[in-house]
Amino acid sequence: MPSPTLADVDALAARAHAGQYDRIGVPYIEHVRAVAAGVAAFGTGLQMAALLHDVLEDTPTRADDLLVAGIPAGVVATVRRVTREPGTDYRAMLLDIVTDQAATLVKIADNAHNSRADRSARLAARYRDARAVLWPAVADADLRTVLAAVNPPLLAELD
């Protein structure tokens, strides 16, 4: 089976998140696409992981389903790393994520998109606290690349 293309993975994510909406009523697929755009500078594999970053947590899809669909094992590993398992402490999850560069970049893009002013302010403190763990784990240039693509106002927090 040939490896899926980025378009194939986008379609898989769209099917998995069909009928789901975010906190402000936007189709959920738009969130994962924004996260993928945030990591585009780091390659197709990271974009695939970003498109799939919520599929294990928010849909019936399992990691084995992704592997059977031909998703590369490294992409699935990143998706698993950013997936919060039931009962897992959020900070503990973040501390695990920052041990992996790819997972950290995906989570930074996710956090940046969720921190946008046009999205739910209800979790602003949680996202701000997460940045204190995530941001120091990557190179400044990489962090700036993601933030500029997903949520440019967050760049002000770096200065």
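Before any of the text, the structure's been laid out above.
For clarity, every value in this text was computed on a predicted model and none was experimentally measured.

How each quantity is defined
Residues numbered from 1 in each chain as written. Predicted model: local features only at pLDDT ≥ 70, side-chain atom pairs only at ≥ 80, totals over all residues. Heavy atoms only, no water. Helix = DSSP H or I, 4+ residues; strand = E, 2+ residues; numbered from the N terminus. Buried < 20%, exposed > 50% of the residue type's maximum accessible area, 1.4 Å probe, protein only. Contact = heavy atoms within 4.5 Å. 1 Å grid on protein atoms, 1.4 Å probe; cavity = no way out; pocket = protein on both sides within 12 Å on 5 of 7 lines; lining within 4 Å. Points joined across faces, edges and corners; volume = space filled by probe spheres on them. Salt bridge = Lys/Arg side-chain N within 4 Å of Asp/Glu carboxyl O. Polar contact = N/O pair within 3.5 Å; in protein donor to acceptor, adjacent residues only side chain to side chain. Phe/Tyr/Trp six-rings, centres within 6.5 Å; stacked < 30°, edge-to-face > 60°. Lys NZ or Arg CZ within 6 Å of the ring centre and 35° of its normal. Axes fitted to C-alpha atoms, helices over the stretch in contact; angles between N-to-C directions. Parallel < 35°, antiparallel > 145°, perpendicular 65-115°, else oblique. Nonpolar A, V, L, I, M, F, W, Y, C, P; charged D, E, K, R; others polar.

Undergrad: What should I look at first to understand the side chain of Arg 131 in this one?
TA: Within the secondary structure layout, Arg 131 lies in helix H9 (residues 124–134). Overall, Arg 131 belongs to the buried group, its relative accessible area being 7%. Ignoring anything within four residues of it in the chain, the contact list for Arg 131 reads Asn 111, Ser 115, Pro 136, Leu 154 and Glu 157.

Undergrad: Mind showing me how you'd approach the layout of surface pockets here?
TA: Sizing a probe to match a water molecule and rolling it over the atoms shows the empty space that remains. The volume enclosed by the largest pocket comes to roughly 330 Å³. In this structure, the largest pocket is lined by 18 residues; those nearest its centre are Arg 23, Tyr 28, Asp 54, Asn 114 and Tyr 127. Of all elements in the fold, only helix H4 (55–58), helix H7 (90–97), helix H8 (101–114) and H9 reach the threshold of two or more residues within the lining of the largest pocket. The dominant element in the lining of the largest pocket, judged by the number of residues it contributes, is H8, at three residues.

Undergrad: Explain the environment of Ala 16 here, please?
TA: With respect to the helices and strands, the residue Ala 16 is situated in helix H1 (residues 6–16). By relative accessible area, which is 18% here, Ala 16 ends up buried. C-alpha separation for the pair Ala 16 and Val 39, spaced 23 residues apart in sequence, amounts to 21 Å. Beyond its immediate chain neighbours, meaning those up to four positions away, Ala 16 contacts Val 55, Thr 59 and Thr 61.

Undergrad: Would you mind showing me how to read the pattern of salt bridges here?
TA: Working definition: two side chains of opposite charge can pair if their charged atoms are close together. Applying the stated criterion across every chain yields a total of seven salt bridges. The shortest N-O distance in the salt bridge between Arg 33 and Asp 10 comes to 2.8 Å. On the criterion of sequence distance, the pair formed by Arg 33 in helix H2 (residues 29–38) and Asp 10 in helix H1 is long-range, its members being 23 residues apart. Residue Arg 144 is joined to Asp 140 by a salt bridge in which the shortest nitrogen-to-oxygen separation is 2.7 Å.

Undergrad: What should I look at first to understand the side chain of Thr 59 in this one?
TA: Residue position: Thr 59 is located in the loop between H4 and helix H5 (63–68). Within the structure, the side chain of Thr 59 is placed 3.1 Å from the side chain of Thr 61, a separation counted as a polar contact.

Undergrad: Would you take a moment to explain the packing of aromatic side chains for this structure?
TA: Centre distance and the angle of the planes are the two values used to describe a pair of aromatic rings. With the rule as written, the count across this model stands at zero aromatic pairs. Taking NZ or CZ as reference, Arg 126 lies 3.9 Å from the ring centre of Tyr 90, over its face.

Undergrad: Help me understand the packing of H7 against H8, please; the structure alone is not making it clear to me.
TA: Any two packed helices are characterised by the angle at which their axes cross and by the distance between the axes. The geometry of H7 relative to H8 is characterised by a closest axis approach of 8 Å and an angle of 130° between their N-to-C directions. When the axes of H7 and H8 are compared, the pair comes out oblique. Contacts from Tyr 90, Met 93, Leu 94 and Ile 97 in H7 reach Ala 103, Thr 104 and Lys 107 in H8. Residues of the contact of H7 with H8, tallied by class, amount to five nonpolar, one polar and one charged.

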